[in-house]
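Read off the chains here:
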Amino acid sequence: VSIIQKNAFIDCINIDSLYWNTNITPFNITQYCKNNLKFAYIGNKVNEIAGASFMNCAKLTYVNVSKNVNTIANDAFQGCTNIDTLYWNSNYSPYDVTKYCSSNLKVVYLGESITSLGKDAFRNCKNLQSIIIPEGVIDIGDNAFDGCNDMANISFPRTLIHIGFNSFNETKWFNSQPEGIIYAGPVAYKYKGTVSPDSEIVIKDGTRIISDSLFM
């Protein structure tokens, strides 16, 4: 499919699930069913989620994004404030989805093909309580979970080699850590507390990476 005429789905207001597998915008479908669409599945043939694709689909609660998506238009999910479950299998940052639903997102599944979580990925998603970061992920971008206030449980992969600045600030997980070096899997991530000039810093056995933000 390369073209959908404006009025092709004009009376299809009760569509509640949409599987989309082409790079053109589905807006000429979703503009008519936006008050009923609840589930959106983005297939493996999609590289770009185009502008206004799901704009104002206020009842959308579940989004599944495949591994080949590498671009999401800024307004593709504008107004989709009620997404509470997200299955993410792309290395592209989900921020252009999560920035609109940060107050309601509760469940995130990260796919096994992911190697990177981009900048701001889940920033300020205050109701996320836990996350399993799968094996194969090597990089977590700046501010990826910053402001996820309820996030208490995080499972880190052994493959992790880089964590960006402020990636876990203001999370329950970070706030519950004792003073000293905080470890995120094999990474010595951040020092909590005050380092005096005569402090002795001991890196525990098994640490593979010392983060560039360890003392920042």
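Data block above holds the structure.
On a predicted model such as this, the values are computed, not experimentally measured, just so you know.

J.: Even after reading the chapter, I still don't get the sheet that holds strand E13 (residues 180–184), so can you show me in this structure?
T.: Sheet strands associate in pairs through backbone hydrogen bonding, adopting either a parallel or an antiparallel arrangement. The strand order E13-E14-E15 describes an open sheet built from three strands, whose pairing is mixed. Of all strands in the sheet, those with a lone pairing partner are E13 and strand E15 (209–210), marking the two edges. Where strand E14 (residues 187–192) lies against E15, two bridges are found, and the strand directions are parallel. Within the sheet, the bridge partner assigned to valine 187 lies in E15 and is isoleucine 209.

J.: Hey, could you run me through the sheet that holds strand E2 (residues 39–42) in this one?
T.: Reading across the sheet, the five strands line up as E1-E2-E4-E6-E7 and stay open at both edges, with parallel pairing between neighbours. Every interior strand has two partners, whereas the edge strands, strand E1 (17–20) and strand E7 (107–110), have only one. Geometrically, the sheet is characterised by an average inter-axis angle of 5° between neighbouring strands, direction not taken into account. Pairing between strand E4 (residues 62–65) and strand E6 (residues 85–88): four bridges, direction parallel. Pairing of valine 63 across the sheet is with leucine 86, part of E6.

J.: Looking at this model, I keep getting lost on the packing of aromatic side chains. Mind explaining?
T.: Geometrically, a pair of aromatic rings is defined through the distance of the ring centres and the angle of the planes. Within the structure shown, the criterion is met by 11 aromatic pairs. For the pair tyrosine 41 and tyrosine 62, a centre-to-centre distance of 5.5 Å together with 50° between the ring planes defines the contact as tilted. Within this pair, whereas tyrosine 41 is found in strand E2, its partner tyrosine 62 is found in strand E4, the two being separated by 21 residues in sequence. Judged by its relative accessible area of 30%, tyrosine 41 falls in the partly exposed class. One aromatic cluster is present, built from ring pairs that chain together Phe122, Phe145, Phe156, Phe168, Trp173, Phe174 and Tyr189.

Quick notes on the rules
- Residues numbered from 1 in each chain as written.
- Predicted model: local features only at pLDDT ≥ 70, side-chain atom pairs only at ≥ 80, totals over all residues.
- Heavy atoms only, no water.
- Pairing = 2+ DSSP bridges.
- Helix = DSSP H or I, 4+ residues; strand = E, 2+ residues; numbered from the N terminus.
- Axes fitted to C-alpha atoms, helices over the stretch in contact; angles between N-to-C directions.
- Phe/Tyr/Trp six-rings, centres within 6.5 Å; stacked < 30°, edge-to-face > 60°.
- Buried < 20%, exposed > 50% of the residue type's maximum accessible area, 1.4 Å probe, protein only.

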